[in-house]
Amino acid sequence: MMEEIGEIKESATATFTFKAFKDIRKLDYVFVENVLAQVWEVKQTVNGIFAYATIIGSINDKFMPRTPFKIGSKVYRANEKIIKKIIGIENEGIYIGLLKDTNIKVHLSPKVLIQKHLCILAKSGSGKSYAMGVIIEEFIKKNIPIVIIDPHGEYTSLRRPNLDKQDVSIMKKFGIKPRSYLKNVYEFSPVCSRNKEAIPLYIDETNLSFQDLLNLLPNATPLQKGILYEAHKKAQEKKIYLLKDILEYIKESKSNAKWNLIPQIEQIISMKLFSVNYTPINEIVKKGRCSIINLKGTPPYIQEILVGLLLNKIFEHRKNEKILPVMIVIEEAHRYCPEKGQGKSFSSSIIRTIASEGRKFGVGLAIVSQRPARVDKNVISQCNTHIILKTTNPNDLKTIVASVEGLNSKASDEIQMLPIGTAIIAGLPLATPIFVEIRPRETLHGGKLD
Ligand SMILES: Nc1ncnc2c1ncn2[C@@H]1O[C@H](COP(=O)(O)OP(=O)(O)OP(=O)(O)O)[C@@H](O)[C@H]1O
Ligand SMILES: [Mg+2]
């Protein structure tokens with residue numbers, strides 16, 4: 001039995017106003033004649049309390065009201081079963097938190113996240129990395145491989161349990177306990193002198209393809225490409241060839257265009273990103289493993305090259321089914337796939353490729369950024385699930401509203417006022433954006449460390 005809470009006083013096909021006899025708050029869900037609606041405004045008058053609600057959908061999903069409700073129709077408080085069914089909240093999956101002001105657990109489907117990509121957008125300090133950490137914990141529990149591009153080295157704390165007293169006291173409400181994922185979390189770094197606990201990260205240097213070379217030299221002129229092509233062809237005559245072999249053949253070229261090319265290749269070799277003792281991709285992407293690519297202390301230019309190379313390798317391996325489907329988390333995405341006119345990044349093109357083709361091959365993206373307006377729109381537009389936290393910058397708000405389907409103007413007004421820990425989640429498979437209290441972290445949140 002649902003609790004009767006009011007009576008309709010005014011009705012249109014998409015909205016209605018009812019007089020409330022019982023407690024009613026903004027964002028509460030109500031139910032009228034098989035239709036679910038959400039309260040967006042509550043007004044106190046001399047004649048009592050009136051609530052304004054917008055219709056979300058019907059139990060019978062083909063039905064949408066084409067005539068208003070009758071005046072006097074009874075309004076009920078919607079129960080959990082109906083809310084979940086009509087909004088499309090799953091019973092299991094990635095447990096991210098509770099539907100605001102309820103005990104309804106919100107789960108996202110890991111399959112949808114991998115196939116349709118995720119983005120977490122909000123201003124700095126609003127809880128993006130925290131929410132991403134929650135999602136990563138859930139992926140680890142499901143043994144789904146995860147690779148995190150971590151410019152600040154803030155995710156290594158996934159190895160340590162969250163014993164914060166205040167967090168522990170609210171964990172009960174969310175039905176979780178402190179935990180650590182010591183066995184699952186691996187840290188890789190190109191500068192191990194700075195990250196002593198990390199495993200060295202080197203890319204396979206043997207037998208680079210011509211395309212690999214072009215990727216390494218995105219600004220090569222047609223003449224230089226010609227030299228590269230010749231050198232690469234000669235190198236291929238060997239069974240195993242390295243970048244230094246290609247360099248030797250470039251030096252043999254008669255064209256003067258080689259003089260600009262040689263120092264570029266020498267510079268790449270000097271970065272020491274490559275090695276014959278490379279890190280196997282199937283050690284980075286592995287069942288039950290969460291691999292952190294810790295880029296702390298790596299110069300930005302080298303970070304971009306490394307991310308580009310690594311993601312290219314992962315994508316190739318996945319295409320050839322040499323590794324399992326994988327979720328790739330990109331923190332500070334505006335650095336690695338910037339919007340046109342906001343600077344270039346070596347890693348842009350592979351991220352764009354994964355955004356548009358990843359779903360076919362089981363390579364998912366989770367994009368995190370505090371500057372939504374500065375992230376490549378082509379990438380954001382491919383993300384079908386959005387987690388939005390507090391955002392105030394007008395340009396960023398505009399980008400969010402433009403890219404998030406189903407975000408009505410009321411919800412977008414709310415983005416500016418969201419408290420820390422509350423998110424709006426929109427997109428697949430939800431019928432309407434929902435407000436979610438993000439669950440506490442089981443592991444320590446790294447952003448807290450420094
Ligand atoms: N769901 C939450 N529950 C409790 N505390 C939270 C939550 N989300 C964020 N916080 C608090 O807010 C702080 C900032 O969160 P976080 O590091 O995730 O911000 P961010 O959006 O990633 O910022 P930046 O853009 O600077 O990286 C955290 O250190 C934590 O104390
Ligand atoms: Mg962060």
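This structure is a prediction, so every number in the text was calculated from the model and none was measured.

J.: Would you take a moment to explain unusual backbone geometry for this structure?
T.: Trans is the common state for peptide bonds, and a negative phi is the common state for residues other than glycine. A cis amide bond, omega -5°, links Leu428 with the succeeding residue Pro429. By the element assignment, Pro429 lies in the loop between strand E19 (422-427) and strand E20 (434-438). Look at Leu27: it is not a glycine, yet its phi comes out positive at around 80°. Within the secondary structure, Leu27 sits in the loop between strand E2 (15-20) and strand E3 (29-32). Take Leu27: there are 15 C-beta atoms within 10 Å of it, and that puts it in the partly exposed class. A positive phi is found at Lys272, a non-glycine position, where the angle reads about 60°. Along the chain, Lys272 turns up in the loop between helix H8 (258-270) and strand E14 (274-275). You can call Lys272 exposed: it has 12 C-beta atoms within 10 Å.

J.: Even after reading the chapter, I still don't get H8, so can you show me in this structure?
T.: For an α-helix, the turn length of 3.6 residues means that residues three or four places apart are oriented alike. Between its terminal C-alpha atoms H8 stretches 18 Å, which fits the 18 Å expected from 13 residues at 1.5 Å a residue. Immediately beyond the C-terminal end of H8, within one or two residues, lies Lys272, with a positive phi of roughly 60°.

J.: What is the right way to look at the nonpolar core in this model?
T.: Nonpolar side chains tend toward joint burial in soluble globular proteins. Counting 126 residues, the largest nonpolar core has Ile136, Ile146, Met327, Val329, Ile330, Ile367 and Ile388 as the members making the most contacts within it. Setting aside residues no more than four positions away along its own chain, Met327 makes contact with Leu113, Ile114, Phe139, Ile144, Ile146, Gly364 and Ala366.

J.: Explain the packing of helix H6 (residues 222-235) against helix H7 (residues 243-252) to me, please; I cannot follow it from the model alone.
T.: Look at H6 against H7: their axes get within 8 Å of each other, and the N-to-C directions meet at 125°. By the angle between their directions, the pair H6 and H7 is classed as oblique. The handedness of the crossing between H6 and H7 is right-handed. Every residue of H7 that contacts H6 at Ile227, Ala231, His232, Lys234 and Ala235 is listed here: Asp245, Ile246, Tyr249 and Ile250. When grouped by side-chain class, the residues that make up the contact of H6 with H7 number 6 nonpolar, 1 polar and 2 charged.

J.: What is the right way to look at the domain arrangement of the protein in this model?
T.: Interface extent is often summarised as the accessible area lost during association of the parts. Parsing the protein into structural domains produces domain 1 (4-87), domain 2 (94-200 + 279-448) and domain 3 (204-275). On a C-alpha basis, the centroid separation for the pair domain 2 and domain 3 is 35 Å. Each side of the interface is counted separately: domain 2 has 8 residues, and domain 3 has 4 residues. A per-class count over the side of domain 2 that touches domain 3 returns 6 nonpolar, 2 polar and no charged.

J.: Teacher, can you tell me more about helix H12 (residues 348-361) here?
T.: Counted at 1.5 Å a residue, the expected span for H12 with its 14 residues is 20 Å, and the 19 Å between its end C-alpha atoms agrees. At Ala355, H12 shows its strongest bend, of approximately 50°. Taken residue by residue, H12 has Ser348, Ile350, Ile351, Ile354, Ala355 and Gly358 as its buried positions. Once H12 finishes, Gly362 follows within two positions and takes phi at roughly 75°, a positive value.

J.: Can you walk me through the sheet that holds strand E8 (residues 105-108) in this structure?
T.: Working definition: the strands of a sheet are paired by backbone hydrogen bonds and lie parallel or antiparallel to each other. Strands sit in the order E8-E7-E20-E19-E18-E9-E17-E16-E10-E15-E11-E12 across an open sheet of 12 strands; the sheet is mixed. Each having just a single partner strand, E8 and strand E12 (199-200) make up the two edges of the open sheet. Where strand E9 (residues 118-121) and strand E18 (residues 385-388) come together, 4 bridges link them in parallel fashion. Note on E18: the bridge partner recorded for Ile120 is Ile387. Along the sheet, helix H3 (residues 128-141) contacts strand E7 (94-99), E9, strand E10 (146-150), strand E15 (290-294), strand E16 (326-330), strand E17 (363-369), E18, E19 and E20; its crossing angle with E7, the most-contacted strand, is approximately 130°.

J.: Mind showing me how you'd approach the pairing of E3 here?
T.: Two faces, one strand: in a regular strand the side chains alternate between the faces of the sheet. Residues of E3 alternate between two faces, with Tyr29 and Phe31 on one and Val30 and Val32 on the opposite face, all of them buried. With antiparallel pairing between neighbouring strands as the criterion, E3 and strand E4 (residues 35-45) make up a hairpin whose turn holds 2 residues, including Glu33 at a positive phi of roughly 45°. Where E3 and strand E6 (residues 74-77) come together, 2 bridges link them in antiparallel fashion. Looking across to E6, one finds that Val30 is bridged to Arg77.

Rules used throughout
Residues numbered from 1 in each chain as written. Chains lettered and ligands numbered in written order. Predicted model: local features only at pLDDT ≥ 70, side-chain atom pairs only at ≥ 80, totals over all residues. Helix = DSSP H or I, 4+ residues; strand = E, 2+ residues; numbered from the N terminus. Buried ≥ 20, exposed ≤ 12 C-beta atoms within 10 Å, placed from the backbone. Expected span 1.5 Å × (residues − 1). Core = buried A, V, L, I, M, F, W, Y, C linked by C-beta atoms within 7 Å. Contact = placed C-beta atoms within 7 Å. Axes fitted to C-alpha atoms, helices over the stretch in contact; angles between N-to-C directions. Parallel < 35°, antiparallel > 145°, perpendicular 65-115°, else oblique. Left-handed = near helix turned anticlockwise from the far one by under 90°. Nonpolar A, V, L, I, M, F, W, Y, C, P; charged D, E, K, R; others polar. Domains from an automatic or database assignment. Bend = angle between axes of the 7 residues up to and from the residue. Pairing = 2+ DSSP bridges.

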